[in-house]
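Here is how the chains run, residue by residue.
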Amino acid sequence: MSSAPTEESALRGQEYNTLLCERFDPAQTLVGFYIGNTQVSQDEWMNPLALELRRRGYAVVGLLAREAVGAARLDGTELTLELARGSVAALSRVQLFIVSDMEGVATDFPPRSRVLACAHGCSWSCSTNFVDAVYHQAYFDGYLTSCSLTQSTREQVQALWTGIVPPSGCKRPSPHFYILASGYPRSAVLYHKLAELEGRVERDAILYAPILADYRPSAGGCRLERYGKRIVRCLLDSFPHLQLIFRPYRTDLEHPQVQALLAAFAHEPRFELDTDPQRAPAFSRAAVLVTDFSHIANSFAFTTLRPAVSFQPWEYVRSRRTLDTLPTGFCARTYQALIRAVRMGLESPGPCREHIRRQRERGMLPVESGLQDLAEQLDDFLRDRPRPEWISIERNNPSLTLGEAGIVRTILSLPHCWEKIASAALHFFPESLFLTAFSLHMGLRLMPDQAVPARLLASARRGLQEPPIGDDPLLFRDVSPEIPRKLYGLAQLKAFRENDLELAGMAENLKTLL
(Lines give C-alpha, C1' and ligand atoms only; values in the text may rest on other atoms or scores of the structure.)
Protein backbone atom coordinates (compact mmCIF):
# COMPACT_ATOMS: atom_id res chain seq x y z
CA MET A 1 0.00 0.00 0.00
CA SER A 2 1.14 3.53 -0.65
CA SER A 3 1.96 5.95 2.11
CA ALA A 4 -1.01 8.31 2.07
CA PRO A 5 0.15 11.83 2.93
CA THR A 6 -0.95 13.09 6.31
CA GLU A 7 -1.84 16.75 6.66
CA GLU A 8 1.54 17.33 8.30
CA SER A 9 3.58 15.47 5.65
CA ALA A 10 1.68 17.21 2.83
CA LEU A 11 2.41 20.58 4.41
CA ARG A 12 6.08 19.72 4.81
CA GLY A 13 6.10 18.58 1.19
CA GLN A 14 4.80 21.98 0.10
CA GLU A 15 7.52 23.66 2.15
CA TYR A 16 10.17 21.46 0.53
CA ASN A 17 8.73 22.22 -2.89
CA THR A 18 8.96 25.96 -2.20
CA LEU A 19 12.59 25.45 -1.16
CA LEU A 20 13.31 23.67 -4.45
CA CYS A 21 11.63 26.41 -6.46
CA GLU A 22 13.80 29.00 -4.73
CA ARG A 23 17.02 26.99 -4.87
CA PHE A 24 17.06 25.93 -8.53
CA ASP A 25 16.91 28.01 -11.70
CA PRO A 26 13.40 27.64 -13.19
CA ALA A 27 15.00 27.21 -16.63
CA GLN A 28 16.77 24.04 -15.45
CA THR A 29 15.19 20.61 -15.54
CA LEU A 30 15.20 19.27 -11.99
CA VAL A 31 15.80 15.55 -11.56
CA GLY A 32 15.09 13.93 -8.20
CA PHE A 33 16.79 10.70 -7.12
CA TYR A 34 14.49 9.15 -4.54
CA ILE A 35 15.27 6.28 -2.13
CA GLY A 36 12.71 4.84 0.25
CA ASN A 37 13.49 1.14 -0.01
CA THR A 38 17.14 0.38 0.80
CA GLN A 39 17.21 -3.36 0.09
CA VAL A 40 18.86 -3.04 -3.32
CA SER A 41 21.65 -0.48 -2.63
CA GLN A 42 20.61 1.78 -5.49
CA ASP A 43 22.81 4.62 -4.22
CA GLU A 44 25.70 2.64 -5.71
CA TRP A 45 24.61 3.72 -9.19
CA MET A 46 22.47 6.75 -8.43
CA ASN A 47 25.40 8.89 -7.28
CA PRO A 48 27.48 8.38 -10.47
CA LEU A 49 24.37 8.89 -12.61
CA ALA A 50 23.59 12.11 -10.73
CA LEU A 51 27.09 13.40 -11.50
CA GLU A 52 26.64 12.47 -15.17
CA LEU A 53 23.37 14.42 -15.34
CA ARG A 54 24.91 17.45 -13.64
CA ARG A 55 27.62 17.43 -16.30
CA ARG A 56 24.85 17.56 -18.89
CA GLY A 57 23.22 20.62 -17.32
CA TYR A 58 20.44 19.03 -15.28
CA ALA A 59 19.76 20.22 -11.76
CA VAL A 60 19.79 17.26 -9.38
CA VAL A 61 18.34 16.77 -5.90
CA GLY A 62 18.56 13.74 -3.62
CA LEU A 63 15.45 12.66 -1.73
CA LEU A 64 15.78 10.23 1.17
CA ALA A 65 12.72 8.87 2.92
CA ARG A 66 13.21 8.88 6.67
CA GLU A 67 13.41 5.09 6.64
CA ALA A 68 16.43 5.30 4.31
CA VAL A 69 18.43 7.87 6.29
CA GLY A 70 21.64 6.26 7.51
CA ALA A 71 21.20 3.25 5.22
CA ALA A 72 21.73 5.09 1.91
CA ARG A 73 23.71 8.15 0.79
CA LEU A 74 23.06 10.52 -2.08
CA ASP A 75 26.20 12.62 -2.16
CA GLY A 76 26.35 12.98 -5.95
CA THR A 77 23.44 15.43 -5.89
CA GLU A 78 23.54 19.20 -5.33
CA LEU A 79 21.18 19.02 -2.37
CA THR A 80 19.73 16.14 -0.34
CA LEU A 81 16.43 16.35 1.55
CA GLU A 82 15.26 13.95 4.23
CA LEU A 83 11.49 13.68 4.21
CA ALA A 84 8.46 11.52 4.97
CA ARG A 85 7.17 9.35 2.14
CA GLY A 86 3.91 11.27 2.26
CA SER A 87 5.72 14.51 1.38
CA VAL A 88 6.97 13.29 -2.00
CA ALA A 89 3.64 13.81 -3.80
CA ALA A 90 3.89 17.57 -3.20
CA LEU A 91 7.29 17.99 -4.93
CA SER A 92 5.90 19.23 -8.23
CA ARG A 93 9.10 21.23 -8.94
CA VAL A 94 10.83 17.90 -9.58
CA GLN A 95 10.11 17.22 -13.23
CA LEU A 96 11.69 13.76 -13.35
CA PHE A 97 12.02 11.23 -10.57
CA ILE A 98 14.55 8.41 -10.99
CA VAL A 99 13.88 5.54 -8.60
CA SER A 100 14.35 1.82 -8.11
CA ASP A 101 11.43 -0.33 -9.23
CA MET A 102 11.02 -1.30 -5.55
CA GLU A 103 9.47 2.08 -4.71
CA GLY A 104 6.10 2.34 -6.45
CA VAL A 105 3.69 0.64 -4.07
CA ALA A 106 4.83 2.61 -1.02
CA THR A 107 5.18 6.12 -2.46
CA ASP A 108 2.97 8.46 -4.49
CA PHE A 109 4.65 10.88 -6.91
CA PRO A 110 3.37 14.21 -8.24
CA PRO A 111 0.91 13.57 -11.11
CA ARG A 112 2.55 16.00 -13.54
CA SER A 113 6.08 14.77 -12.94
CA ARG A 114 7.57 11.86 -14.83
CA VAL A 115 8.76 8.78 -12.93
CA LEU A 116 11.35 6.38 -14.35
CA ALA A 117 11.90 3.15 -12.42
CA CYS A 118 15.16 1.31 -12.96
CA ALA A 119 15.13 -2.48 -12.63
CA HIS A 120 16.60 -3.42 -9.27
CA GLY A 121 18.58 -6.24 -10.84
CA CYS A 122 20.69 -6.69 -13.93
CA SER A 123 18.51 -8.33 -16.62
CA TRP A 124 19.57 -10.76 -19.34
CA SER A 125 17.17 -11.99 -21.99
CA CYS A 126 16.72 -12.43 -25.71
CA SER A 127 12.97 -12.90 -25.43
CA THR A 128 10.79 -12.06 -22.41
CA ASN A 129 7.42 -10.65 -21.40
CA PHE A 130 8.79 -9.02 -18.21
CA VAL A 131 6.03 -10.69 -16.23
CA ASP A 132 7.73 -9.78 -12.93
CA ALA A 133 7.38 -6.10 -13.79
CA VAL A 134 3.85 -6.03 -15.23
CA TYR A 135 2.40 -4.11 -12.28
CA HIS A 136 4.97 -1.29 -12.63
CA GLN A 137 2.75 0.44 -15.16
CA ALA A 138 0.40 1.31 -12.29
CA TYR A 139 3.04 3.26 -10.34
CA PHE A 140 5.58 4.67 -12.79
CA ASP A 141 5.73 6.18 -16.27
CA GLY A 142 8.63 4.11 -17.50
CA TYR A 143 10.78 1.09 -16.69
CA LEU A 144 14.47 0.78 -17.51
CA THR A 145 15.91 -2.63 -18.26
CA SER A 146 19.33 -3.77 -19.42
CA CYS A 147 18.36 -6.47 -21.91
CA SER A 148 17.77 -5.96 -25.62
CA LEU A 149 14.19 -5.09 -26.58
CA THR A 150 13.85 -7.59 -29.42
CA GLN A 151 10.79 -7.91 -31.63
CA SER A 152 9.83 -11.06 -29.76
CA THR A 153 10.01 -9.22 -26.43
CA ARG A 154 8.00 -6.31 -27.85
CA GLU A 155 5.18 -8.60 -29.00
CA GLN A 156 5.09 -10.57 -25.74
CA VAL A 157 5.04 -7.44 -23.58
CA GLN A 158 2.26 -5.73 -25.51
CA ALA A 159 0.17 -8.93 -25.45
CA LEU A 160 0.56 -9.44 -21.69
CA TRP A 161 0.70 -5.88 -20.35
CA THR A 162 -2.07 -4.15 -22.30
CA GLY A 163 -5.23 -3.90 -20.21
CA ILE A 164 -4.08 -6.03 -17.28
CA VAL A 165 -4.11 -3.03 -14.90
CA PRO A 166 -7.57 -1.44 -14.63
CA PRO A 167 -7.71 2.39 -14.78
CA SER A 168 -8.90 2.34 -11.15
CA GLY A 169 -5.61 0.72 -10.14
CA CYS A 170 -3.31 3.07 -12.07
CA LYS A 171 -1.82 5.87 -9.99
CA ARG A 172 -0.22 7.65 -12.94
CA PRO A 173 -2.39 9.77 -15.28
CA SER A 174 -0.55 9.51 -18.60
CA PRO A 175 -2.04 7.24 -21.30
CA HIS A 176 1.22 5.44 -22.10
CA PHE A 177 3.90 3.54 -20.23
CA TYR A 178 7.34 3.00 -21.77
CA ILE A 179 10.00 0.34 -21.40
CA LEU A 180 13.47 1.73 -22.11
CA ALA A 181 16.77 -0.08 -22.31
CA SER A 182 20.40 0.79 -21.68
CA GLY A 183 23.41 -0.87 -20.11
CA TYR A 184 22.53 -1.59 -16.48
CA PRO A 185 23.55 1.49 -14.43
CA ARG A 186 25.02 -0.51 -11.55
CA SER A 187 26.97 -2.70 -13.97
CA ALA A 188 28.29 0.40 -15.74
CA VAL A 189 29.63 1.74 -12.44
CA LEU A 190 31.08 -1.64 -11.47
CA TYR A 191 32.65 -2.11 -14.89
CA HIS A 192 34.76 1.04 -14.57
CA LYS A 193 35.65 0.51 -10.90
CA LEU A 194 36.75 -3.05 -11.61
CA ALA A 195 38.87 -1.82 -14.50
CA GLU A 196 40.67 0.51 -12.07
CA LEU A 197 41.30 -2.38 -9.66
CA GLU A 198 42.40 -4.89 -12.30
CA GLY A 199 45.92 -6.14 -11.59
CA ARG A 200 46.09 -4.33 -8.26
CA VAL A 201 44.05 -6.82 -6.21
CA GLU A 202 44.81 -10.50 -5.62
CA ARG A 203 42.05 -12.85 -6.76
CA ASP A 204 42.06 -14.89 -3.56
CA ALA A 205 38.43 -15.63 -2.71
CA ILE A 206 35.06 -17.20 -3.37
CA LEU A 207 32.20 -14.77 -2.80
CA TYR A 208 29.02 -16.12 -1.19
CA ALA A 209 26.15 -13.63 -1.66
CA PRO A 210 22.64 -14.97 -0.99
CA ILE A 211 19.42 -13.12 -1.72
CA LEU A 212 17.38 -11.53 1.09
CA ALA A 213 16.87 -14.08 3.84
CA ASP A 214 13.09 -13.68 3.95
CA TYR A 215 12.51 -13.26 0.21
CA ARG A 216 10.21 -15.80 -1.48
CA PRO A 217 10.15 -18.51 1.18
CA SER A 218 8.28 -20.70 -1.31
CA ALA A 219 11.70 -21.18 -2.97
CA GLY A 220 13.71 -23.23 -0.52
CA GLY A 221 12.12 -22.07 2.73
CA CYS A 222 14.56 -20.55 5.26
CA ARG A 223 17.44 -20.93 2.81
CA LEU A 224 20.22 -19.39 4.89
CA GLU A 225 19.20 -21.39 7.96
CA ARG A 226 18.83 -24.67 6.03
CA TYR A 227 21.84 -24.42 3.71
CA GLY A 228 24.08 -21.45 4.63
CA LYS A 229 26.43 -23.07 7.14
CA ARG A 230 26.88 -26.19 5.02
CA ILE A 231 27.59 -24.07 1.93
CA VAL A 232 30.30 -22.13 3.75
CA ARG A 233 31.86 -25.25 5.31
CA CYS A 234 31.74 -27.09 1.97
CA LEU A 235 33.54 -24.25 0.17
CA LEU A 236 36.12 -23.72 2.91
CA ASP A 237 36.98 -27.43 3.05
CA SER A 238 36.99 -27.98 -0.71
CA PHE A 239 39.09 -24.93 -1.59
CA PRO A 240 41.57 -24.46 1.29
CA HIS A 241 43.73 -22.02 -0.68
CA LEU A 242 40.94 -19.44 -0.93
CA GLN A 243 39.18 -17.05 1.41
CA LEU A 244 35.38 -17.18 1.73
CA ILE A 245 33.77 -13.73 1.57
CA PHE A 246 30.19 -13.66 2.89
CA ARG A 247 28.14 -10.75 1.58
CA PRO A 248 24.54 -10.66 2.84
CA TYR A 249 22.15 -7.87 1.90
CA ARG A 250 22.85 -4.69 3.84
CA THR A 251 19.37 -4.83 5.36
CA ASP A 252 19.97 -8.43 6.53
CA LEU A 253 23.04 -7.79 8.68
CA GLU A 254 21.06 -8.06 11.93
CA HIS A 255 18.82 -10.89 10.70
CA PRO A 256 18.91 -13.88 13.08
CA GLN A 257 19.88 -16.27 10.26
CA VAL A 258 22.80 -14.04 9.25
CA GLN A 259 23.90 -13.61 12.86
CA ALA A 260 23.79 -17.39 13.40
CA LEU A 261 26.01 -17.99 10.37
CA LEU A 262 28.46 -15.30 11.50
CA ALA A 263 28.63 -16.83 14.98
CA ALA A 264 29.28 -20.29 13.52
CA PHE A 265 32.39 -19.07 11.66
CA ALA A 266 33.56 -16.34 14.02
CA HIS A 267 36.88 -18.11 14.62
CA GLU A 268 37.48 -19.27 11.05
CA PRO A 269 40.45 -17.22 9.72
CA ARG A 270 39.48 -17.71 6.07
CA PHE A 271 35.90 -16.50 6.57
CA GLU A 272 35.24 -12.78 6.01
CA LEU A 273 32.12 -10.63 6.31
CA ASP A 274 31.80 -7.98 3.60
CA THR A 275 29.72 -4.94 4.62
CA ASP A 276 31.16 -2.49 2.10
CA PRO A 277 28.29 -0.60 0.37
CA GLN A 278 30.30 -0.88 -2.84
CA ARG A 279 30.47 -4.29 -4.55
CA ALA A 280 33.64 -3.66 -6.55
CA PRO A 281 36.20 -4.56 -3.83
CA ALA A 282 34.66 -7.99 -3.21
CA PHE A 283 34.00 -8.58 -6.92
CA SER A 284 37.63 -7.80 -7.76
CA ARG A 285 38.89 -10.47 -5.32
CA ALA A 286 36.40 -13.19 -6.18
CA ALA A 287 37.31 -15.88 -8.69
CA VAL A 288 33.78 -17.33 -8.46
CA LEU A 289 30.52 -16.14 -6.95
CA VAL A 290 28.02 -18.45 -5.23
CA THR A 291 24.43 -17.33 -4.76
CA ASP A 292 20.91 -18.81 -4.98
CA PHE A 293 18.70 -16.94 -7.44
CA SER A 294 19.80 -13.38 -6.72
CA HIS A 295 20.40 -10.94 -9.58
CA ILE A 296 23.89 -10.50 -8.16
CA ALA A 297 24.82 -13.47 -10.38
CA ASN A 298 24.22 -11.27 -13.43
CA SER A 299 25.96 -8.24 -11.91
CA PHE A 300 29.03 -10.32 -11.06
CA ALA A 301 29.35 -12.46 -14.19
CA PHE A 302 28.61 -9.75 -16.75
CA THR A 303 31.03 -7.22 -15.24
CA THR A 304 33.91 -9.54 -14.27
CA LEU A 305 33.39 -12.22 -16.97
CA ARG A 306 33.92 -14.76 -14.19
CA PRO A 307 31.32 -17.44 -13.39
CA ALA A 308 28.51 -17.28 -10.89
CA VAL A 309 27.08 -20.47 -9.45
CA SER A 310 23.38 -20.43 -8.58
CA PHE A 311 23.04 -23.09 -5.90
CA GLN A 312 19.45 -24.34 -5.49
CA PRO A 313 19.45 -27.67 -3.60
CA TRP A 314 15.68 -27.56 -3.01
CA GLU A 315 15.17 -27.89 -6.78
CA TYR A 316 16.93 -31.26 -7.06
CA VAL A 317 13.89 -33.23 -5.86
CA ARG A 318 11.77 -31.71 -8.62
CA SER A 319 14.20 -31.66 -11.57
CA ARG A 320 16.65 -34.49 -10.65
CA ARG A 321 19.29 -32.52 -12.56
CA THR A 322 22.49 -31.82 -10.66
CA LEU A 323 24.27 -29.27 -12.85
CA ASP A 324 23.30 -27.01 -15.74
CA THR A 325 25.08 -24.29 -17.68
CA LEU A 326 23.62 -20.77 -17.47
CA PRO A 327 24.51 -17.56 -19.33
CA THR A 328 26.21 -16.43 -16.12
CA GLY A 329 27.94 -19.73 -15.31
CA PHE A 330 26.23 -22.68 -13.65
CA CYS A 331 23.19 -23.84 -11.71
CA ALA A 332 24.07 -26.54 -9.15
CA ARG A 333 21.50 -28.52 -7.15
CA THR A 334 23.67 -30.81 -5.01
CA TYR A 335 26.77 -30.10 -2.92
CA GLN A 336 28.86 -32.32 -5.16
CA ALA A 337 27.68 -30.30 -8.16
CA LEU A 338 28.43 -27.06 -6.31
CA ILE A 339 32.05 -28.15 -5.77
CA ARG A 340 32.33 -29.26 -9.39
CA ALA A 341 30.95 -25.95 -10.72
CA VAL A 342 33.28 -23.85 -8.56
CA ARG A 343 36.23 -26.03 -9.60
CA MET A 344 35.38 -25.57 -13.29
CA GLY A 345 35.30 -21.81 -12.74
CA LEU A 346 38.69 -21.89 -11.06
CA GLU A 347 40.42 -24.33 -13.43
CA SER A 348 38.92 -23.18 -16.75
CA PRO A 349 38.72 -19.37 -16.49
CA GLY A 350 39.34 -18.86 -20.24
CA PRO A 351 36.38 -20.90 -21.55
CA CYS A 352 34.14 -19.50 -18.82
CA ARG A 353 35.15 -15.98 -19.76
CA GLU A 354 34.40 -16.49 -23.44
CA HIS A 355 31.05 -18.15 -22.72
CA ILE A 356 29.92 -15.28 -20.47
CA ARG A 357 31.18 -12.68 -22.95
CA ARG A 358 29.17 -14.26 -25.77
CA GLN A 359 26.05 -14.43 -23.61
CA ARG A 360 26.49 -10.80 -22.53
CA GLU A 361 26.67 -9.66 -26.14
CA ARG A 362 23.64 -11.80 -27.00
CA GLY A 363 21.22 -10.74 -24.25
CA MET A 364 22.36 -7.38 -22.85
CA LEU A 365 23.10 -3.86 -23.99
CA PRO A 366 26.69 -2.61 -23.67
CA VAL A 367 27.68 -2.31 -20.03
CA GLU A 368 30.48 0.24 -20.27
CA SER A 369 28.34 3.09 -21.66
CA GLY A 370 25.23 2.42 -19.56
CA LEU A 371 25.10 5.76 -17.74
CA GLN A 372 25.64 7.79 -20.92
CA ASP A 373 23.10 5.75 -22.90
CA LEU A 374 20.47 6.30 -20.21
CA ALA A 375 21.22 10.01 -19.86
CA GLU A 376 20.76 10.53 -23.60
CA GLN A 377 17.21 9.14 -23.44
CA LEU A 378 15.96 11.19 -20.50
CA ASP A 379 14.93 14.33 -22.36
CA ASP A 380 12.67 12.35 -24.70
CA PHE A 381 11.22 10.44 -21.77
CA LEU A 382 10.62 13.64 -19.85
CA ARG A 383 8.78 15.18 -22.80
CA ASP A 384 6.78 12.01 -23.52
CA ARG A 385 8.41 11.55 -26.94
CA PRO A 386 8.75 7.79 -27.37
CA ARG A 387 11.72 6.54 -29.34
CA PRO A 388 11.22 3.78 -31.91
CA GLU A 389 13.31 1.34 -29.88
CA TRP A 390 11.16 1.73 -26.75
CA ILE A 391 8.17 -0.48 -26.01
CA SER A 392 4.97 1.53 -25.56
CA ILE A 393 2.00 0.17 -23.60
CA GLU A 394 -1.36 1.91 -23.68
CA ARG A 395 -2.93 2.29 -20.24
CA ASN A 396 -5.81 4.14 -18.52
CA ASN A 397 -8.11 3.08 -21.36
CA PRO A 398 -11.30 1.40 -20.05
CA SER A 399 -12.02 -0.15 -23.45
CA LEU A 400 -8.76 -2.16 -23.25
CA THR A 401 -9.18 -3.39 -19.68
CA LEU A 402 -9.11 -7.19 -19.58
CA GLY A 403 -11.18 -7.68 -16.46
CA GLU A 404 -11.26 -10.92 -14.49
CA ALA A 405 -12.28 -13.20 -17.36
CA GLY A 406 -9.69 -11.69 -19.69
CA ILE A 407 -6.94 -12.14 -17.10
CA VAL A 408 -7.81 -15.81 -16.70
CA ARG A 409 -7.70 -16.27 -20.48
CA THR A 410 -4.26 -14.66 -20.44
CA ILE A 411 -3.09 -17.00 -17.68
CA LEU A 412 -4.38 -20.05 -19.56
CA SER A 413 -2.39 -18.92 -22.61
CA LEU A 414 0.78 -18.51 -20.48
CA PRO A 415 0.57 -21.31 -17.90
CA HIS A 416 4.28 -21.10 -17.05
CA CYS A 417 3.68 -17.53 -15.83
CA TRP A 418 0.41 -18.19 -14.05
CA GLU A 419 1.61 -17.52 -10.49
CA LYS A 420 3.12 -14.11 -11.28
CA ILE A 421 0.18 -12.98 -13.43
CA ALA A 422 -2.30 -14.12 -10.80
CA SER A 423 -0.38 -12.33 -8.06
CA ALA A 424 -0.41 -9.08 -10.05
CA ALA A 425 -4.10 -9.50 -10.85
CA LEU A 426 -5.07 -10.05 -7.20
CA HIS A 427 -3.15 -6.90 -6.36
CA PHE A 428 -5.59 -4.92 -8.50
CA PHE A 429 -8.67 -7.12 -7.92
CA PRO A 430 -8.24 -8.07 -4.23
CA GLU A 431 -11.97 -8.83 -3.78
CA SER A 432 -12.24 -11.08 -6.83
CA LEU A 433 -13.81 -14.41 -5.89
CA PHE A 434 -13.16 -15.71 -9.40
CA LEU A 435 -9.44 -14.90 -9.50
CA THR A 436 -9.02 -16.24 -5.96
CA ALA A 437 -10.69 -19.53 -6.89
CA PHE A 438 -8.69 -19.81 -10.10
CA SER A 439 -5.36 -19.12 -8.34
CA LEU A 440 -6.03 -21.80 -5.74
CA HIS A 441 -7.12 -24.16 -8.52
CA MET A 442 -3.88 -23.62 -10.46
CA GLY A 443 -1.79 -24.00 -7.33
CA LEU A 444 -3.45 -27.31 -6.49
CA ARG A 445 -2.77 -28.64 -9.99
CA LEU A 446 0.66 -27.21 -10.79
CA MET A 447 2.53 -26.59 -7.54
CA PRO A 448 0.94 -28.59 -4.69
CA ASP A 449 4.13 -28.60 -2.61
CA GLN A 450 4.54 -24.81 -2.67
CA ALA A 451 3.26 -22.42 0.00
CA VAL A 452 0.04 -20.52 -0.67
CA PRO A 453 0.99 -16.81 -0.99
CA ALA A 454 -0.24 -14.68 1.90
CA ARG A 455 -2.24 -12.36 -0.37
CA LEU A 456 -4.06 -15.29 -1.95
CA LEU A 457 -4.79 -16.86 1.42
CA ALA A 458 -6.19 -13.56 2.72
CA SER A 459 -8.41 -13.21 -0.37
CA ALA A 460 -9.75 -16.76 0.09
CA ARG A 461 -10.54 -16.25 3.75
CA ARG A 462 -12.19 -12.92 3.01
CA GLY A 463 -14.27 -14.41 0.20
CA LEU A 464 -15.52 -17.39 2.20
CA GLN A 465 -16.38 -15.36 5.32
CA GLU A 466 -16.19 -18.46 7.48
CA PRO A 467 -13.62 -20.15 9.76
CA PRO A 468 -9.98 -19.93 8.55
CA ILE A 469 -8.59 -22.29 5.92
CA GLY A 470 -5.93 -23.76 8.17
CA ASP A 471 -2.96 -21.99 9.71
CA ASP A 472 -0.05 -20.20 8.05
CA PRO A 473 2.14 -21.33 6.40
CA LEU A 474 -0.15 -23.45 4.25
CA LEU A 475 0.80 -25.56 1.24
CA PHE A 476 -1.48 -25.78 -1.78
CA ARG A 477 -1.86 -29.53 -1.26
CA ASP A 478 -3.38 -28.81 2.17
CA VAL A 479 -6.21 -26.83 0.61
CA SER A 480 -9.32 -28.90 0.00
CA PRO A 481 -10.62 -28.71 -3.60
CA GLU A 482 -13.94 -27.79 -2.00
CA ILE A 483 -12.49 -24.35 -1.20
CA PRO A 484 -11.91 -23.18 -4.81
CA ARG A 485 -15.09 -25.01 -5.85
CA LYS A 486 -17.11 -23.01 -3.35
CA LEU A 487 -15.37 -19.77 -4.40
CA TYR A 488 -16.19 -20.53 -8.06
CA GLY A 489 -19.81 -20.96 -7.03
CA LEU A 490 -19.86 -17.64 -5.20
CA ALA A 491 -18.19 -15.97 -8.17
CA GLN A 492 -20.77 -17.48 -10.49
CA LEU A 493 -23.68 -16.13 -8.40
CA LYS A 494 -22.09 -12.69 -8.34
CA ALA A 495 -21.55 -12.79 -12.11
CA PHE A 496 -25.21 -13.70 -12.70
CA ARG A 497 -26.31 -10.79 -10.50
CA GLU A 498 -24.12 -8.45 -12.58
CA ASN A 499 -25.26 -10.02 -15.85
CA ASP A 500 -21.70 -11.09 -16.66
CA LEU A 501 -22.60 -14.31 -18.47
CA GLU A 502 -19.07 -14.89 -19.80
CA LEU A 503 -17.53 -14.96 -16.34
CA ALA A 504 -20.41 -17.05 -14.98
CA GLY A 505 -19.84 -19.62 -17.73
CA MET A 506 -16.11 -19.75 -17.12
CA ALA A 507 -16.67 -20.24 -13.39
CA GLU A 508 -19.04 -23.14 -14.07
CA ASN A 509 -16.65 -24.81 -16.52
CA LEU A 510 -13.62 -24.46 -14.24
CA LYS A 511 -15.58 -25.69 -11.23
CA THR A 512 -16.27 -28.98 -13.00
CA LEU A 513 -12.52 -29.54 -13.53
CA LEU A 514 -11.73 -29.67 -9.81
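Look up a bit, the structure's there.
In what follows, the accompanying structure is described. (Residues numbered from 1 in each chain as written. Predicted model: local features only at pLDDT ≥ 70, side-chain atom pairs only at ≥ 80, totals over all residues. Heavy atoms only, no water.)

It is worth spelling out helix α12 (residues 370-382) at this point. Since the α-helix packs 3.6 residues into each turn, any two residues three or four apart lie on the same face. For α12, which comprises 13 residues, the first-to-last C-alpha distance of 18 Å matches the rise-based estimate of 18 Å (1.5 Å per residue) to within 8%. Within α12, the axis deviates most sharply at E376, by approximately 25°. Elements that come into contact with the buried residues of α12 comprise α2 (43-55), β4 (96-100), β5 (114-118), β6 (142-145), β7 (176-181) and α4 (185-197). Positive phi appears at D384, one or two residues downstream of α12, with a value of about 55°. (Helix = DSSP H or I, 4+ residues; strand = E, 2+ residues; numbered from the N terminus. Expected span 1.5 Å × (residues − 1). Bend = angle between axes of the 7 residues up to and from the residue. Contact = heavy atoms within 4.5 Å.)

The strand order across the open sheet built from 7 strands is β10-β9-β8-β11-β12-β14-β13, with neighbouring strands paired in mixed fashion. The strands lining the two open edges of the sheet, one partner per strand, are β10 (271-273) and β13 (323-326). Strand after strand, the sheet turns through a mean of 25° between neighbouring axes, direction not considered. Contacts from helix α5 (residues 223-238) reach β8 (205-208), β9 (243-246), β10, β11 (286-291) and β12 (308-311), with the element oriented near 175° to β8. Where helix α8 (residues 296-304) meets the sheet, it contacts β11 and β12, and its direction lies at approximately 160° from that of β11. (Pairing = 2+ DSSP bridges. Axes fitted to C-alpha atoms, helices over the stretch in contact; angles between N-to-C directions.)

The relative placement of two packed helices comes down to the angle between their axes together with the axis-to-axis distance. Between helix α14 (residues 418-428) and helix α15 (residues 433-446), whose axes approach to 10 Å, the crossing angle comes to 160°. Relative to α15, the element α14 lies roughly antiparallel. Considering how the two elements wind past one another, α14 and α15 form a crossing that is left-handed. In this structure, α14 uses W418, A422, A425 and L426 to contact α15, whose residues at the interface are L435, T436, S439, M442, G443 and L446. The residue makeup of the contact of α14 with α15, split by class, is 7 nonpolar, 3 polar and no charged. (Parallel < 35°, antiparallel > 145°, perpendicular 65-115°, else oblique. Left-handed = near helix turned anticlockwise from the far one by under 90°. Nonpolar A, V, L, I, M, F, W, Y, C, P; charged D, E, K, R; others polar.)

For helix α11 (residues 349-363), which comprises 15 residues, the first-to-last C-alpha distance of 21 Å matches the rise-based estimate of 21 Å (1.5 Å per residue) to within 8%. Looking at α11, one finds that the buried residues are C352, H355, I356, Q359, R360 and G363. One side of α11 carries all its buried residues, which in axial view fall inside an arc of 135°. Residues of α11 that are exposed and angled more than 90 degrees away from the buried face: P351, R358 and E361. Looking at the packing, one finds that the buried side of α11 touches α8, β13, β14 (329-332) and α10 (335-347). (Buried < 20%, exposed > 50% of the residue type's maximum accessible area, 1.4 Å probe, protein only. Arc of directions from axis to C-beta.)

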